[in-house]
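In case you want the letters, here they are:
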Amino acid sequence: KQEVTQIPAALSVPEGENLVLNCSFTDSAIYNLQWFRQDPGKGLTSLLLIQSSQREQTSGRLNASLDKSSGRSTLYIAASQPGDSATYLCAVGSSNTGKLIFGQGTTLQVKP
Amino acid sequence: DAGVIQSPRHEVTEMGQEVTLRCKPISGHDYLFWYRQTMMRGLELLIYFNNNVPIDDSGMPEDRFSAKMPNASFSTLKIQPSEPRDSAVYFCASSTDRGVYNEQFFGPGTRLTVL
């Protein structure tokens, strides 16, 4: 059974700092991995999608990497801003079940 | 594009009552997903449809839950009778062809409270 873990559960950093969020998964049989952002009381916004054949994706200040063999992904946020404060969720598309399996998320607070 | 639309945004009901949640996917998307988010279990897929047909409902917790998609632009998730443990945020998402293997677009969610 695929399990997705995100560490840390919460993170507080000063504005301007570069940071890394971690995601690990137990089954390497995945189609893709997505990083989402969720603001309080809101839905999920897709940030980056990495196909299983890819190693990384970049969008602006965000860079996501994927190491399928070790079951890990990281989301790198450069020069963090208070507006980046949100919960970040990682989800893997399971080849076996055809479903998105979500981690519990990392809640990020960027202090001005 | 208006994105995925869900209604109501908030619902408070009493135990035993019927609850109906509604979703309008993004036009042209062939896949529709219903998820539930709780503090204890995180985000879980309940059911998904392809071209209005239910494909996998293995995540539906029990017979009190049912979902329909009568046409390409509308889906409902019904709970009858509702119980306090059903309190959660319910999200609808949609996607183009290849469904779960493509990017999913989420609605704002319906926060359900069952007293």
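Chemist: So what exactly am I meant to see when it comes to the interface of chain B and chain A here?
Modeler: Of the residues lining the interface, 23 residues belong to chain B; the matching set on chain A comes to 21 residues. In total, chain B and chain A occlude about 1600 Å² of area from one another, counting both sides; carbon and sulfur atoms represent 51% of this. A salt bridge links B:Asp56 to A:Lys99, with the shortest nitrogen-to-oxygen separation between them at 3.5 Å. Remark: the boundary between chain B and chain A carries five residue pairs in polar contact (both at pLDDT 80 or more). Among the elements of the structure, strand 4 (31-38) and strand 5 (42-50) of chain B are those that each provide at least two residues to the side of chain B that touches chain A. The dominant element in the side of chain B that touches chain A, judged by the number of residues it contributes, is strand 5 of chain B, at four residues.

Chemist: How should I be thinking about the pairing of strand 3 (residues 19-25) of chain A in this particular structure?
Modeler: Looking along a regular strand, one sees the side chains alternate between the two faces of the sheet. Residue and element names in this part refer to chain A. Here strand 3 shows a buried face lined by Leu19, Leu21, Cys23 and Phe25 and an unburied face lined by Val20, Asn22 and Ser24. Pairing of strand 1 (residues 4-7) with strand 3, which is carried by four bridges, proceeds in the antiparallel orientation. Residue pairing in the sheet places Ile7 in a bridge with Asn22 of strand 3. Pairing geometry for strand 3 and strand 8 (residues 72-77), over six bridges, is antiparallel. Residue Leu19 lies in a different strand from strand 8, and its bridge partner there is Ile77.

Chemist: What is the right way to read the pattern of salt bridges from this model?
Modeler: Where side chains of opposite charge bring their charged atoms close, a pairing between them can arise. Overall, the coordinates contain eleven salt bridges over all chains when judged by the stated rule. For the salt bridge of A:Asp84 with A:Arg61, the shortest nitrogen-to-oxygen distance reads 2.8 Å. Residue A:Asp84 is found in the loop between strand 8 and strand 9 (86-94), and its partner A:Arg61 is found in the loop between strand 6 (56-59) and strand 7 (62-67); the two are separated by 23 residues along the sequence. On the basis of relative accessibility, which here comes to 7%, the residue A:Asp84 falls in the buried class. By relative accessible area, which is 29% here, A:Arg61 ends up partly exposed. What emerges from the salt-bridge pattern is a single network uniting B:Glu62, B:Arg64, B:Glu83, B:Arg85 and B:Asp86.

Chemist: Teacher, can you tell me more about the state of the cysteines here?
Modeler: A covalent bond bridging the sulfur atoms of two cysteines is what the word disulfide describes. Under the criterion given, the structure shown has two disulfides over all chains. What pairs with A:Cys23 in a disulfide is A:Cys90, and their sulfur atoms sit 1.9 Å apart. With a gap of 67 residues between them, A:Cys23 in strand 3 and A:Cys90 in strand 9 connect regions that are remote in the sequence. Each disulfide pairs two cysteine sulfurs, and for B:Cys23 the partner residue is B:Cys92, the sulfurs being separated by 1.8 Å. Disulfide B:Cys23 to B:Cys92: torsion about the S-S bond roughly -65 degrees, handedness left-handed. A residue pair is termed long-range when its members are at least 10 positions apart, and B:Cys23 in strand 3 (residues 19-24) and B:Cys92 in strand 9 (residues 88-95) qualify at 69 residues.

Chemist: How do you make sense of the sheet that holds strand 3 of chain B when you look at a structure like this?
Modeler: Sheets are built from strands that pair by backbone hydrogen bonding, the pairs being arranged parallel or antiparallel. Residue and element names in this part refer to chain B. In spatial order, the strands read 1-3-8-7; together these four strands make up an open sheet with antiparallel pairing. Both outer strands of the open sheet, strand 1 (5-7) and strand 7 (65-71), are each paired with one neighbouring strand and no more. Ignoring which end each strand starts from, the neighbouring axes of this sheet average 15 degrees apart. With three bridges joining them, strand 1 and strand 3 adopt antiparallel strand pairing.

Chemist: Got a minute to help me understand the side chain of B:Thr76 in this structure?
Modeler: Residue and element names in this part refer to chain B. Tracing the backbone shows Thr76 in strand 8 (residues 74-79). Its relative accessible area of 14% is what places Thr76 among the buried residues. For Thr76, the residues in contact, after removing those within four places along its chain, are Thr20, Leu21, Arg22, Trp34, Ser66, Ala67 and Lys68.

Chemist: Would you explain the nonpolar core in this entry?
Modeler: As a rule of thumb, nonpolar side chains are buried together in soluble globular proteins. Core analysis: the biggest nonpolar cluster contains 22 residues, and A:Phe25, A:Leu33, A:Trp35, A:Leu75, A:Ile77, A:Tyr88 and A:Leu108 have the highest contact counts within it. Core analysis: the second largest hydrophobic core is formed by 21 residues, B:Val4, B:Leu32, B:Phe49 and B:Leu77 among them.

Chemist: How do you make sense of unusual backbone geometry when you look at a structure like this?
Modeler: As a rule of thumb, non-glycine residues mostly have phi less than zero, and peptide bonds are mostly trans rather than cis. Residue and element names in this part refer to chain A. Cis rather than trans, the peptide bond between Ile7 and Pro8 has omega equal to 0 degrees. When you line up the elements, Pro8 lands in the loop between strand 1 and strand 2 (10-14). Phi at Ala79 takes a positive value of approximately 45 degrees, unusual for a residue other than glycine. Its location among the elements puts Ala79 in the loop between strand 8 and strand 9.

Parameters and conventions
- Residues numbered from 1 in each chain as written.
- Chains lettered and ligands numbered in written order.
- Predicted model: local features only at pLDDT ≥ 70, side-chain atom pairs only at ≥ 80, totals over all residues.
- Heavy atoms only, no water.
- Contact = heavy atoms within 4.5 Å.
- Buried area = accessible area lost by both parts, 1.4 Å probe.
- Salt bridge = Lys/Arg side-chain N within 4 Å of Asp/Glu carboxyl O.
- Polar contact = N/O pair within 3.5 Å; in protein donor to acceptor, adjacent residues only side chain to side chain.
- Helix = DSSP H or I, 4+ residues; strand = E, 2+ residues; numbered from the N terminus.
- Buried < 20%, exposed > 50% of the residue type's maximum accessible area, 1.4 Å probe, protein only.
- Pairing = 2+ DSSP bridges.
- Disulfide = S-S within 2.5 Å.
- Axes fitted to C-alpha atoms, helices over the stretch in contact; angles between N-to-C directions.
- Core = buried A, V, L, I, M, F, W, Y, C linked by side-chain atoms within 4.5 Å.

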